[in-house]
Amino acid sequence: MSEPLPARLERALRSIVNARTGADVWSGEQVRDVATTTDGKVQLTLLLDARDDATLVRDVRQAVERLDGVTAVRVVPRDPAEAKPVSAGPKAPGQGKALPVMSEPAAPRGAPAPTPVAYPELGRIIAVSSGKGGVGKSTVTTNLAVALARQGYRVGLLDADIYGPNVPRMMGVNAPPPVQQEKIQPLEAHGVKVMSLGFMIDRDQPAIWRGPIVMKIITQFLRDVAWGQLDFLLVDMPPGTGDAQLSLVQNTQVAGAVIVTTPQQVAVGDALRGVKMFERVAVPVLGIVENMAWFENPETGKPIAVFGSGGGQSLADECGVPLLGHVPLNPRVAQAGDDGTPIIVADPQSNAARALAAVATKVAERMAAVAAR
């Protein structure tokens, strides 16, 4: 008679050792809420301390996936501070509670902010940010990265939008990154080196992580990825002014920020807060990109201001930074992103592609001017 799946799960998890603690994840009670189904689906919670190597998530998932009879695996990382202690040993698979969603604010830890570390091999680190979602920030970031690469620069693209990692789809590359000599190897697409959390988690897995885990992931992507020598590392930030932005500027020296907005006053107001956040942490704002500036009537060619007009320029004027460019609204841009071929590659002669290429040139020029100060 074959060994039951719960017993094989325990043995597989005992083979994964946490380098920080020296204990395996099962004996060390890092694994909680293990649940299995009759058709071979497995779900478990992995308590991941901010000091732990984030690749433990991948190692646990792969160890379970290798088991005969397992058809699907979901590993949900969770901050140990949010978990209740267990009174006895680890629970047997199938006896844990349903996975909760973290909703209560985490208690302050009182730890000092980390000292920024210089990564000279990464070149100039540029954060691309927006005050709100839906303004095309990731579209702008991917196209800027490809445009800079086409201009002869060595470019890396770090997807730090851990709550909505869209870069893999937009760049047309998505596979578990290999590890060689304890370094994560970035994937490559359109002449750009790419790293994203999306390469390491399931497409439908929600990221319900608090600040310490966010900081750990971003730090590891900066430190433990074999980027090689770059001229620019573009970082696609999540919308807003939260943990990811603070983690990036606290852990490394960000050379500049690009703020993406649409002409709408609602978007402009949110983008203004993003500008002020970067100014407050002494990161130069290179300029504003007004995306979806207008829609070109396909019959007449006449621009139609779908989202209003002038918002990007008014924001640039208020903040005393340049308006790097207007990018028109074009259905081909969205389609190209869905197809994994940025518009810079898919239709380089389109007005949107030309506008994005011009923005990339201005970003490089602005970066050179800031560095010369």
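Since the model is a prediction, treat every value here as computed from it, not as a measurement. (Residues numbered from 1 in each chain as written. Predicted model: local features only at pLDDT ≥ 70, side-chain atom pairs only at ≥ 80, totals over all residues. Heavy atoms only, no water.)

Quick notes on the overall build of the protein
The number of helices and strands found in the protein is eleven helices and 14 strands. Taking all 373 residues of the protein together, the buried fraction comes to 50%. Residue pairs at least 24 apart in sequence account for 75% of intrachain contacts in the protein once pairs closer than 6 positions are excluded. Looking at the protein as shown, the accessible area adds up to about 17000 Å², and 52% of this sits on carbon and sulfur atoms. (Helix = DSSP H or I, 4+ residues; strand = E, 2+ residues; numbered from the N terminus. Buried < 20%, exposed > 50% of the residue type's maximum accessible area, 1.4 Å probe, protein only. Contact = heavy atoms within 4.5 Å. Areas by Shrake-Rupley, 256 points an atom, 1.4 Å probe, with all protein chains shown as cover.)

Re the nonpolar core
If you look at the biggest cluster of nonpolar residues, it comprises 109 residues, and the most contacted ones within it are L44, L46, M171, V192, M195, L233 and F278. Counting residues per element, this core draws most heavily on helix α11 (residues 351-372), which supplies ten residues. Once you skip the residues sitting within four places of it in the chain, V192 turns out to touch A145, V146, A149, V155, G156, L157, M171 and L187. (Core = buried A, V, L, I, M, F, W, Y, C linked by side-chain atoms within 4.5 Å.)

Side note on the pairing of strand β10 (residues 232-236)
Counting buried positions along β10 yields five of five residues, so the element is predominantly enclosed. Every second residue of β10 is oriented toward a common face, with F232, L234 and D236 on one face and L233 and V235 on the other, all of them buried. Sheet topology places strand β4 (residues 124-130) next to β10; five bridges connect them, and they run parallel. Its bridge partner lying in β10, V128 is registered against D236. Direction of pairing for strand β5 (residues 155-159) relative to β10: parallel, over a ladder of five bridges. Looking at β10, one finds that D159 is bridged to D236. (Pairing = 2+ DSSP bridges.)

Some details on unusual backbone geometry
Across the chain, the bulk of peptide bonds are trans and the bulk of non-glycine residues have phi less than zero. One non-glycine residue, Q181, adopts positive backbone phi at about 50°. Judged by its relative accessible area of 80%, Q181 is exposed. If you check the backbone angles, E182 has positive phi at about 65° while not being a glycine. The exposure class assigned to E182 is exposed, which follows from its relative accessible area of 75%.

Looking at helix α2 (residues 55-65)
Of all eleven residues that make up α2, eight are buried, and the element is covered over most of its length. By the burial criterion, the buried members of α2 are T55, L56, V57, R58, V60, R61, A63 and V64.

Observations concerning the sheet that holds strand β2 (residues 41-47)
Spatial strand order, β1-β2-β3: three strands in an open sheet with mixed pairing. One side of each edge strand has no neighbouring strand; the edge strands of this open sheet are β1 (31-36) and β3 (72-78). Averaged over all pairs of adjacent strands, the angle between their axes in this sheet comes to 10°, without regard to strand direction. Judged from the seven bridges that link them, β2 and β3 form a sheet pairing that is parallel. Counterpart to Q43 in the pairing with β3 is R74. Against the sheet, α2 contacts β2 and β3, and its axis sits at roughly 155° relative to β3. (Axes fitted to C-alpha atoms, helices over the stretch in contact; angles between N-to-C directions.)

Overview of the pairing of β4
The buried count for β4 comes to six of seven residues, which makes it a mostly enclosed element. Relative to strand β11 (residues 256-261), β4 runs parallel, the two being bridged by five bridges. Following the sheet pairing, V128 is matched in β11 by V258.

Side note on the environment of V34
Among the secondary structure elements, V34 is positioned in strand β1. Judged by its relative accessible area of 4%, V34 falls in the buried class. Taking the C-alpha atoms as reference points, V34 and L46, separated by twelve residues in sequence, lie 9.5 Å from one another.

Structural notes on α11
When the terminal C-alpha atoms of α11 are compared, their 32 Å separation across 22 residues agrees well with the 32 Å that a helix rising 1.5 Å per residue should span. All of the buried residues along α11 are A352, A353, A355, L356, V359, A360, V363, A364, M367 and V370. (Expected span 1.5 Å × (residues − 1).)

Focus: the packing of helix α3 (residues 137-150) against α11
One can describe the packing of α3 onto α11 by two numbers: an axis separation of 9 Å at closest approach and a directional angle of 70°. Between α3 and α11, the interaxial angle falls into the category roughly perpendicular. Residue-level contacts link V140, N143, L144, A147 and L148 of α3 to L356, A357, V359, A360 and A364 of α11. Taken together, the residues of the contact of α3 with α11 sort by class into nine nonpolar, one polar and no charged. (Parallel < 35°, antiparallel > 145°, perpendicular 65-115°, else oblique. Nonpolar A, V, L, I, M, F, W, Y, C, P; charged D, E, K, R; others polar.)

Description of the environment of N351
Within the fold, N351 resides in helix α11. Look at N351 and you get partly exposed, because its relative accessible area is 42%. Separated by 23 residues in sequence, N351 and P328 place their C-alpha atoms 7.2 Å apart. Excluding its chain neighbours within four sequence positions, the residues that come into contact with N351 are E296 and P328.

Examining the packing of aromatic side chains
Going through the model one piece at a time under the given rule, you end up with one aromatic pair. For the ring pair Y153 and F232, a centre distance of 5.1 Å and an interplane angle of 70° mean the geometry is edge-to-face. Of the two residues, Y153 is situated in the loop between α3 and β5 and F232 in strand β10; the sequence distance between them amounts to 79 residues. Under the relative-accessibility criterion, Y153 is labelled partly exposed at 32%. The class of F232 is buried, set by a relative accessible area of 6%. (Phe/Tyr/Trp six-rings, centres within 6.5 Å; stacked < 30°, edge-to-face > 60°.)

Such coordinate-based values are descriptive only and should not be taken to indicate function.
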